[in-house]
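Take a look at the letters that make up each chain.
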Amino acid sequence: MIPSEVFDYEDVQLIPNKCVIESRSEADTSVQFGPQTFKIPVVPANMETVINEELAQWLAENGYFYVMHRFEPERRLGFIERMHERGLYASISVGVKQSEHDFIDELAAAGQVPEYVTIDIAHGHSDSVIRMIAHLKQALPGAFVIAGNVGTPEAVRELENAGADATKVGIGPGKACITKLKTGFGTGGWQLAAVRLCAKAARKPVIADGGIRYNGDIAKSIRFGATMVMVGSLLAGHEESPGGKITIEGKTYKQYWGSASEKQKGAYRNVEGKQMLIPYRGSIADTLQEIRQDLQSSISYAGGQKLMDIRHVDYVIVNNSVLNGDNY
Ligand SMILES: NC(=O)C1=CN([C@@H]2O[C@H](COP(=O)(O)OP(=O)(O)OC[C@H]3O[C@@H](n4cnc5c(N)ncnc54)[C@H](OP(=O)(O)O)[C@@H]3O)[C@@H](O)[C@H]2O)C=CC1
Ligand SMILES: Nc1nc2c(ncn2[C@@H]2O[C@H](COP(=O)(O)O)[C@@H](O)[C@H]2O)c(=O)[nH]1
């Protein structure tokens, strides 16, 4: 499959339709994803500098989707128990190694079924992921299984056929990502077109993962078929973000690093990520509220009342329009 139309977020603008609401507050940004409905179609990336247990609890309590990362594997069972004790949903990540299969058996034996499990590896179109989907569906049949990451319609179909309830699309578009440079592969530079191709092939929800630089990119992801949008760097600069706070020459930053960076792995082996500093942005609650308001505006420009009305708008390709003086 060679994609015929290739574009990314900055190359596209959505075309407005006549407004049918009196106020943006009437626009409904909520989305059904798996067993729950969430306030906005946005999930912080399952990365160590983006999400931790405290933030996960706050997000669940406040109607947002989260996916806990998998880099403290021994804490996951306790995390699920703690979330369930508080009457909150549990959403965890797993890898594909034998120890992860053993962990799934441990959860089944303990009767602790997370509502969401994300299989999170770099190259998700693989037999190892297909085996993990099968194991999850057999051992924890109540869990909603998200599988990734992938970048092709073939991969989406194969993982869905294996039993995945949703797939996650994005190989290399992330801000901390160097996959494109190190391997020559991926959807970096044409992530939005890849989301479109994958979503067209999908029969189940697709998560667009990586490359979101502006709030408007979330609406563009929805237009091109995503049901949920995973965001790393844009949500990593907050007070609640787990990365360390650093002040340089009077300006404050938070640390952000790739899950396949040397910093995360503790060794320079198969490194496909880097670390960087993200300007400090205050409270994540304010940013999520701003995202919701911007999405309400998007829905109004789409001539709609609800999130999925954005799906039906026309668009134009305008090369790099966002970068032509519109940065803020
Ligand atoms: N979205 C993206 O573009 C990317 C995301 N990441 C993130 O980095 C983290 C680490 O990812 P990952 O290294 O996959 O996790 P793991 O180190 O857990 O690797 C998962 C398993 O897949 C194998 N594997 C990994 N990559 C390949 C490949 N290209 N071909 C064949 N086998 C492979 C690994 O073996 P072995 O290590 O021996 O090869 C390992 O057994 C994850 O959170 C992932 O999401 C990483 C890169 C790209
Ligand atoms: N190639 C790599 N991709 C990575 C790594 N760590 C995380 N990721 C992916 O990036 C997104 C977040 O992207 P952003 O543009 O919103 O910052 C995240 O969800 C992963 O899919 C990595 O080390 N290498």
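Residues numbered from 1 in each chain as written. Chains lettered and ligands numbered in written order. Predicted model: local features only at pLDDT ≥ 70, side-chain atom pairs only at ≥ 80, totals over all residues. Heavy atoms only, no water.

An unreviewed UniProt entry annotates the chain as GMP reductase of Bombiscardovia coagulans. Looking at the Catalytic activity (unreviewed entry) heading of the UniProt record, one finds this comment for the chain: "IMP + NH4(+) + NADP(+) = GMP + NADPH + 2 H(+)". Looking at the chain in UniProt, the text filed under Function (unreviewed entry) is "Catalyzes the irreversible NADPH-dependent deamination of GMP to IMP. It functions in the conversion of nucleobase, nucleoside and nucleotide derivatives of G to A nucleotides, and in maintaining the intracellular balance of A and G nucleotides." (UniProt positions renumbered as here; feature names shortened; annotations may be inferred.)

(A) How the structure looks around the site of ligand 1. Neighbouring ligand 1 are 16 residues, the closest being R70, D120, A122, G170 and G172. In the model, an oxygen atom of ligand 1 is placed 2.5 Å from a nitrogen or oxygen of the D120 side chain. One of the backbone nitrogen or oxygen atoms of A122 is found 2.8 Å away from an oxygen atom of ligand 1. If ligand 1 stood free it would expose 860 Å²; the protein chains cover 64% of that surface. (Near = heavy atom within 4 Å. Polar contact = N/O pair within 3.5 Å; in protein donor to acceptor, adjacent residues only side chain to side chain. Areas by Shrake-Rupley, 256 points an atom, 1.4 Å probe, with all protein chains shown as cover.)

(B) Looking closely at the pairing of strand β10 (residues 228-231). With burial as the criterion, each face of β10 is covered, one bearing M228 and M230 and the other bearing V229 and V231. When strand β4 (residues 42-44) meets β10, the two strands line up parallel, connected through three bridges. Within β10, the position partnered with P44 by the bridge is V231. The handedness of the strand β9 (residues 206-209) to β10 crossover, carried by helix α8 (residues 216-223), is right-handed. (Buried < 20%, exposed > 50% of the residue type's maximum accessible area, 1.4 Å probe, protein only. Helix = DSSP H or I, 4+ residues; strand = E, 2+ residues; numbered from the N terminus. Pairing = 2+ DSSP bridges. Right-handed = clockwise from strand over helix to strand, strands pointing away.)

(C) Looking closely at the packing of helix α1 (residues 53-61) against helix α2 (residues 76-85). Relative orientation of the contacting elements α1 and α2 amounts to 30°, with a least axis distance of 11 Å. Accordingly, the angle class assigned to the pair α1 and α2 is roughly parallel. Every pair of crossing elements has a handedness; the one defined by α1 and α2 is right-handed. Touching E53, A56, Q57 and A60 of α1 are F79, R82 and M83, all from α2. For the contact of α1 with α2, a count of residues per class yields four nonpolar, one polar and two charged. (Axes fitted to C-alpha atoms, helices over the stretch in contact; angles between N-to-C directions. Parallel < 35°, antiparallel > 145°, perpendicular 65-115°, else oblique. Left-handed = near helix turned anticlockwise from the far one by under 90°. Contact = heavy atoms within 4.5 Å. Nonpolar A, V, L, I, M, F, W, Y, C, P; charged D, E, K, R; others polar.)

(D) The nonpolar core, seen in detail. The biggest cluster of nonpolar side chains holds 94 residues, and the ones touching the most others in it are F33, F65, Y66 and I119. The residues touching Y66, leaving out its near neighbours within four places in the chain, are V43, I51, A56, L59, A60, F79, M83, Y89, A90 and S91. (Core = buried A, V, L, I, M, F, W, Y, C linked by side-chain atoms within 4.5 Å.)

(E) Structural context of the site of ligand 2. Surrounding ligand 2, one finds 22 residues, the nearest of these being C177, T179, D209, Y256 and E272. The separation between an oxygen atom of ligand 2 and a polar main-chain atom of G211 is 2.9 Å. For ligand 2, a nitrogen atom lies 2.7 Å from a polar atom in the backbone of E272. For ligand 2, the accessible surface in isolation is 520 Å², of which the surrounding protein chains cover 91%. Taken together, the residues of the shell around ligand 2 break down into seven nonpolar, 11 polar and four charged.

(F) Just empty space enclosed by the protein, in detail. Tallying each qualifying case throughout the model produces one cavity of 30 Å³ or more. Counted as a void, the largest cavity has a volume near 40 Å³. Its residues assigned to classes, the lining of the largest cavity comprises two nonpolar, one polar and four charged. (1 Å grid on protein atoms, 1.4 Å probe; cavity = no way out; pocket = protein on both sides within 12 Å on 5 of 7 lines; lining within 4 Å. Points joined across faces, edges and corners; volume = space filled by probe spheres on them.)

(G) How the structure looks around the UniProt feature "domain: IMP dehydrogenase/GMP reductase" (unreviewed entry) in the chain. Mapped onto this structure's residue numbering, the UniProt feature "domain: IMP dehydrogenase/GMP reductase" (unreviewed entry) falls at residues 8-312. Span residues 8-312 is 33% helix and 18% strand, its end C-alpha atoms 19 Å apart.

(H) The packing of aromatic side chains, seen in detail. This structure, assessed with the given rule, holds 16 aromatic pairs. Note on F38 and Y116: the rings are 6.2 Å apart at their centroids and 50° apart in plane angle, and the pair reads as tilted. Placement of the pair is F38 in strand β3 (residues 36-38) and Y116 in strand β6 (residues 116-120), with a sequence separation of 78 residues. Per residue, the accessibility class of F38 equals that of Y116, and both read buried. For the pair F65 and Y116, a centre-to-centre distance of 4.8 Å together with 55° between the ring planes defines the contact as tilted. Remark: Y116 occurs in strand β6 and F65 occurs in the loop between α1 and α2; sequence separation between them is 51 residues. (Phe/Tyr/Trp six-rings, centres within 6.5 Å; stacked < 30°, edge-to-face > 60°.)

(I) Representation of helix α4 (residues 127-139) within the structure. Taking 1.5 Å per residue as the helical rise, α4 with its 13 residues ought to reach 18 Å, and the 18 Å between its terminal C-alpha atoms agrees with that figure. All of the buried residues along α4 are S128, V129, M132, I133, H135, L136 and A139. Buried residues along α4 cover an arc of 165° about the axis, so they all sit on one side. When the buried face of α4 is taken as reference, the exposed residues oriented beyond 90 degrees from it are D127, R131 and Q138. Elements that come into contact with the buried residues of α4 comprise β5 (91-94), α3 (98-110), β6, β7 (144-150) and α5 (153-162). (Expected span 1.5 Å × (residues − 1). Arc of directions from axis to C-beta.)

(J) Molecular detail of the sheet that holds strand β13 (residues 275-279). In spatial order, the strands read β11-β12-β13; together these three strands make up an open sheet with antiparallel pairing. Since the sheet does not close on itself, it has two edges, and those belong to β11 (245-248) and β13, each with one partner. On average, adjacent strands in this sheet sit at an angle of 40° to one another, irrespective of strand direction. Pairing geometry for strand β12 (residues 251-257) and β13, over five bridges, is antiparallel. By the bridge assignment for β13, Q255 is matched with L277.

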